[in-house]
Each structure stands twice: as structure tokens, then as C-alpha cells.
Amino acid sequence: MKLKRIFDVISEALVWMSSVLLALIVLSVALEVFLRSVLNRPQAWVLEFSEYGLLFITFLVASFLVRTEKNISVDIVTELLEERTRAWLSVVQHGIICVVAFVFVYFGSSATLDLYQRGIYNPTIMQVPMAYVLFIIPVGGFFILIQALIRLRESIRKQREIRENLVPEV
């Protein structure tokens, strides 16, 4: 349980980091609008910064959404199902999330390492090394995977409890 608590704290810290990043994006876009409209001095870096920031926000927040089960689900359908079926679907859902997160970690790490070794830059105004941009995919994927594994374990336990409670005693 201590390890779970550590990942919960990290997950919340990632949400705060993404909040700060979102605030920086909003401020930079507001500055861009002002500079373009009033002073006729557009800043070319704002669009690129916003794009990278939104990518980072997505992967920083995703593990928190898995942890709190605020990821996409169709409540109107699942509420119609009985508890046993919902528990089984939760196991399936978290299993799929684990597979997808593993793909993010594996292929994201591979692509990031390849871009780093080859020194590939994005040929834009900021000329950021692409490895520095894409490293968030395996890092975010790792935290998604950990939270999904924790939720999968909890879902399996809940499903077992439900199954045991439904088995008639002889």
C-alpha cells in the first residue's frame, strides 16, 4: 500500500504540473493576441509551445484520470448492468488500459531513444530536439500503466468478492 500511496502523490503532482503548464499556455496565447493585435509584433514560438504543452498535459493528467476512474466510460449504459457485469467490465477496461499504456512505454521509449541518438530536430522556429518533446509519451505511459495495474488489481478483488457473495452456500 505504501507504493500505491507514492504513485498517488506523484499522480497528483503531475496534475499540478499540468495545471501550471496550462496557465502558461493561456498566458502565452493572450500575450500573442495582444502583441499581434496591438503592437503588430507576432511571436512565432507561441503556437509551437502550445502544441507541445497540450501533448504534455495529456500525458501528465492521464494517470490521474485512470486512478480516479474519470477516464471515458458510458455511465448511462453501465448503470443499467448488474454489479457482477460492471465488475467484469472494469477488469476488462483496466486490462485494455494496461495494454495500451505498455504500448506507449515500449514504442514511445524506442522512438524517443532513436530520435535522441540520431539528433533529430523539429525544423521549426524553436528547433527543439524531438526526443525532448516525445519523451513524455513513455514517461506518461509508465504512470498510466502503474495506475491501471493498481486499478486492475482492485477490480479483480472486487469481482472475486462479488462472485463469492453470489455463490450459494451448501
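Going by the structure above, here's the rest.
Since the structure is predicted, the reported quantities are computational estimates derived from the model, not experimental observations.

Novice: What should I look at first to understand the overall build of the protein chain in this one?
Specialist: When helices and strands are tallied, the protein chain shows six helices and zero strands. Helices (α) and strands (β) of the protein chain occur, in sequence order from the N terminus, as α-α-α-α-α-α. In terms of C-alpha radius of gyration, the protein chain reaches 21 Å, well past the compact-globule figure of 15 Å for 170 residues. Oriented by its inertia axes, the alpha-carbon framework of the protein chain measures out at about 80 × 40 × 30 Å.

Novice: Explain a positive patch on the surface here, please?
Specialist: A cluster of basic residues, R84, R153, R157, R160 and R163, forms a positive patch on the protein surface. By residue number, the principal contributor to the positive patch is helix α6 (residues 136–166), which donates four residues. Within the element layout of this structure, R163 appears in helix α6.

Novice: Please explain the pattern of salt bridges as it appears in this structure.
Specialist: When charged atoms on two side chains of opposite charge get close, those side chains can pair. Within the structure shown, the criterion is met by eight salt bridges. Taking the shortest distance from any N to any O, the salt bridge between D114 and R118 comes out at 3.2 Å. With D114 and R118 both in helix α4 (residues 83–118), this residue pair falls four residues apart, about one helical turn. For R118, a relative accessible area of 54% puts it in the exposed group. What you see here is one network of salt bridges that share partners, running through K4, D8, E12, R67, E69, R151 and E154.

Novice: Help me understand helix α2 (residues 45–67), please; the structure alone is not making it clear to me.
Specialist: An α-helix turns once every 3.6 residues. As a result, residues three or four positions apart point the same way. With 23 residues, α2 extends 34 Å between its outermost C-alpha atoms, agreeing within 8% with the 33 Å of an ideal straight helix rising 1.5 Å per residue. At V61, α2 shows its largest kink, close to 30 degrees. Looking at the residues trailing α2, positive phi occurs at E69, about 55 degrees.

Novice: So what exactly am I meant to see when it comes to the side chain of N122 here?
Specialist: Along the polypeptide, N122 turns up in the loop between α4 and α5 (130–134). Polar side-chain contacts of N122 include one of 2.6 Å to the side chain of Y52.

Novice: Help me understand the packing of helix α1 (residues 2–37) against α2, please; the structure alone is not making it clear to me.
Specialist: Each packed pair of helices is defined by two parameters, the angle between the axes and the distance between the axes. In the contact formed by α1 and α2, the axes pass within 8 Å of each other and the chain directions differ by 155 degrees. As summarised for this structure, α1 and α2 are arranged roughly antiparallel, according to the angle between their axes. Crossing hand, α1 versus α2: left-handed. By residue class, the composition of the contact of α1 with α2 is 17 nonpolar, six polar and four charged.

Novice: Please clarify how the nonpolar core should be interpreted in this entry.
Specialist: Looking at soluble globular proteins, one finds that nonpolar side chains tend to be buried together. Residues I136 and I144 are the most contacted members of the largest nonpolar core, which totals 24 residues. When contributions to this core are tallied by element, the ones reaching two or more residues are α1, α2, α4 and α6. For this core, the element with the most residues is α6, which contributes nine residues. For I144, the residues in contact, after removing those within four places along its chain, are F59, A62, S63, V66, I97 and A101. With six residues, the next largest nonpolar core counts Y52, V128, A131 and V133 among its residues.

Novice: What should I look at first to understand α4 in this one?
Specialist: Compared with an ideal rise of 1.5 Å per residue, which puts 36 residues at 52 Å, α4 spans 52 Å between its outermost C-alpha atoms and is within 8% of the ideal. Those residues of α4 lying buried are A87, S90, V91, H94, I97, C98, A101, V105, G108, T112 and L115. Looking one or two residues past α4, G119 carries a phi angle of roughly 65 degrees, positive in sign.

About the criteria used
- Residues numbered from 1 in each chain as written.
- Predicted model: local features only at pLDDT ≥ 70, side-chain atom pairs only at ≥ 80, totals over all residues.
- Heavy atoms only, no water.
- Helix = DSSP H or I, 4+ residues; strand = E, 2+ residues; numbered from the N terminus.
- Rg over C-alpha atoms; globule rule 2.2 N^0.38 Å.
- Patch = residues over 30% accessible without salt bridge, like charges linked within 9 Å, V, L, I, M, F, W, Y side chains within 5 Å.
- Areas by Shrake-Rupley, 256 points an atom, 1.4 Å probe, with all protein chains shown as cover.
- Salt bridge = Lys/Arg side-chain N within 4 Å of Asp/Glu carboxyl O.
- Lys, Arg positive; Asp, Glu negative; His and termini not counted.
- Charge placed at Lys NZ, Arg CZ, Asp CG, Glu CD.
- Buried < 20%, exposed > 50% of the residue type's maximum accessible area, 1.4 Å probe, protein only.
- Expected span 1.5 Å × (residues − 1).
- Bend = angle between axes of the 7 residues up to and from the residue.
- Polar contact = N/O pair within 3.5 Å; in protein donor to acceptor, adjacent residues only side chain to side chain.
- Axes fitted to C-alpha atoms, helices over the stretch in contact; angles between N-to-C directions.
- Parallel < 35°, antiparallel > 145°, perpendicular 65-115°, else oblique.
- Left-handed = near helix turned anticlockwise from the far one by under 90°.
- Nonpolar A, V, L, I, M, F, W, Y, C, P; charged D, E, K, R; others polar.
- Core = buried A, V, L, I, M, F, W, Y, C linked by side-chain atoms within 4.5 Å.
- Contact = heavy atoms within 4.5 Å.

Distances and angles like these do not, on their own, reveal function.
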